[in-house]
Amino acid sequence: MNQVGAHALMWVGGWSEAECRKALENSRATGYDLIEIPVLDPLSIDVSMTRKALEEFGLSAACSLGLSFETDISSADPEVVARGESLLHDALAVTRDLGAKYLGGVISSALGKYMNPPSARGRSHSVRVMRGLTQQAAASGITLGLEVVNRYESNLINTAKQALEFIEDVGANNLKVHLDTYHMNIEEADFTTPVLASADQLGYVHVGENHRGYLGSGTVDFPAFFRALAAINYQGPVTFESFSSAVTAPGLSNTLGIWRNTWTDSLDLARHARQFINAGLRGAQVAQVGA
Ligand code: MN
């Protein structure tokens with residue numbers, strides 16, 4: 001059974017105690033098992049408060065972040081790389097202290113629009129830092145995920161194939177592919193091949209519509225995606241990710257280009273998505289058994 005997750009930005013743009021409780025209470029009320037907490041500024045997270053709230057509401061947590069150009073571990077500049085390495089180790093410590101088992105996102109490069117392709121030197125920096133991070137993560141039983149994002153949000157890993165190559169270069173079995181249908185819609189040939197190619201290397205999934213609003217109201221081929229997950233017997237988390245200018249986080253919303261309202265009622269959105277994911281997962285399993 002896959003855990004079904006809710007990205008915190010569906011509910012709140014920050015992580016004060018009131019925001020944390022709102023995000024957890026609403027996730028619980030709408031039937032989610034897991035909350036994905038952005039840790040772009042890991043030291044700002046109140047770990048003991050969050051951990052207590054997770055226990056109170058009976059939810060698991062996953063953590064995610066995107067690096068900035070000031071902390072880009074794929075930079076050619078060793079000072080920038082060192083800042084990124086330090087930030088990632090802080091994020092890992094927060095993940096561990098929250099009791100979470102997953103840290104992912106755009107962690108191998110900056111999250112943002114590059115004006116150049118990646119350099120071989122920069123990529124080797126990223127591989128080296130990631131190798132050290134996976135070793136540290138393994139000590140806490142944490143899996144790291146490389147989110148495959150579109151070309152306007154990274155220049156390093158835009159396809160599942162590139163993520164698999166990167167994982168092979170790092171050579172760690174707790175580094176996994178993180179696929180997101182919103183990005184696959186832009187970069188991949190279809191919604192099946194990348195899932196089948198990742199197979200047991202797939203560690204985390206974001207489901208998002210092509211416009212990042214209500215699932216099923218855009219052009220993403222969700223039936224094909226869910227069938228592919230069933231075909232590889234994917235058991236990991238499936239997290240709903242949606243953004244609207246109705247809820248904004250300073251920095252992140254602008255980086256992601258969230259300029260308009262794709263929804264205004266988070267509770268309705270979340271309930272709809274929970275049902276949509278459940279139907280998608282169950283429908284694909286039934287089809288798999290029947291095949
Ligand atoms: Mn995503």
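**What about the coordination of the manganese ion?**
Okay, so step 1: The coordination sphere of the manganese ion contains the protein donors Glu147 (OE), Asp180 (OD), His206 (ND1) and Glu241 (OE), at a distance range of 2.0 to 2.1 Å.
Okay, so step 2: Considered as a linear motif, the donors of the manganese ion on their single chain read E-x32-D-x25-H-x34-E. Separated by 59 residues along the polypeptide, Glu147 in strand β5 (residues 143-147) and His206 in strand β7 (residues 202-207) bring together distant segments of the chain. Across the pair, exposure class does not vary: Glu147 and His206 are buried alike.

**Comments concerning the pattern of salt bridges**
Okay, so step 1: As enumerated under the stated definition, the model contains eight salt bridges in all.
Okay, so step 2: When the shortest N-O distance is used, the salt bridge between Arg151 and Glu187 registers 2.8 Å. Taken together, the positions of Arg151 in the loop between β5 and α5 (160-170) and Glu187 in helix α6 (residues 181-187) put the pair 36 residues apart, joining distant regions of the chain.
Okay, so step 3: Arg212 serves as the salt-bridge partner of Glu241, at 3.2 Å between the closest nitrogen and oxygen.

**Quick look at the layout of surface pockets**
Okay, so step 1: As a volume, the largest pocket reaches approximately 460 Å³.
Okay, so step 2: In this structure, the largest pocket is lined by 25 residues; those nearest its centre are Pro38, Leu40, Asp41, Pro250 and Leu252.
Okay, so step 3: Those elements giving two or more residues to the lining of the largest pocket turn out to be β3 (60-67) and α9 (252-255).
Okay, so step 4: Looking at the lining of the largest pocket residue by residue, the class counts come to 15 nonpolar, nine polar and one charged.
Okay, so step 5: The calculated volume of the second largest pocket comes to roughly 280 Å³.
Okay, so step 6: What lines the second largest pocket is a set of 20 residues, and nearest its centre among them are Ala61, Gly99, Ala100, Lys101 and Tyr102.
Okay, so step 7: At the level of secondary structure, the elements contributing two or more residues to the lining of the second largest pocket comprise α2 (47-57), β3 and β7.
Okay, so step 8: For the lining of the second largest pocket, the per-class residue count stands at ten nonpolar, six polar and four charged.

**Considerations on α5**
Okay, so step 1: Of all the residues in α5, the buried ones are Ala160, Ala163, Leu164, Phe166, Ile167 and Val170. Down the axis, α5 shows its buried residues gathered within 160° of arc, on one side only. Summarising the geometry of α5, the exposed residues directed more than 90 degrees from the buried face are Lys161 and Glu168.
Okay, so step 2: Looking at the buried positions of α5, the neighbouring elements they touch are β4 (102-110), α4 (120-139), β5, β6 (175-180) and α7 (193-198).
Okay, so step 3: Gly171 sits one or two residues past α5 and shows a positive phi near 75°.

Cut-offs applied
- Residues numbered from 1 in each chain as written.
- Predicted model: local features only at pLDDT ≥ 70, side-chain atom pairs only at ≥ 80, totals over all residues.
- Heavy atoms only, no water.
- Donors = N, O, S within 2.8 Å, 3.2 Å for Na, K, Ca; no water.
- Helix = DSSP H or I, 4+ residues; strand = E, 2+ residues; numbered from the N terminus.
- Buried < 20%, exposed > 50% of the residue type's maximum accessible area, 1.4 Å probe, protein only.
- Salt bridge = Lys/Arg side-chain N within 4 Å of Asp/Glu carboxyl O.
- 1 Å grid on protein atoms, 1.4 Å probe; cavity = no way out; pocket = protein on both sides within 12 Å on 5 of 7 lines; lining within 4 Å.
- Points joined across faces, edges and corners; volume = space filled by probe spheres on them.
- Nonpolar A, V, L, I, M, F, W, Y, C, P; charged D, E, K, R; others polar.
- Arc of directions from axis to C-beta.
- Contact = heavy atoms within 4.5 Å.

Remember that the coordinates give geometry; whether it matters functionally is a separate question.
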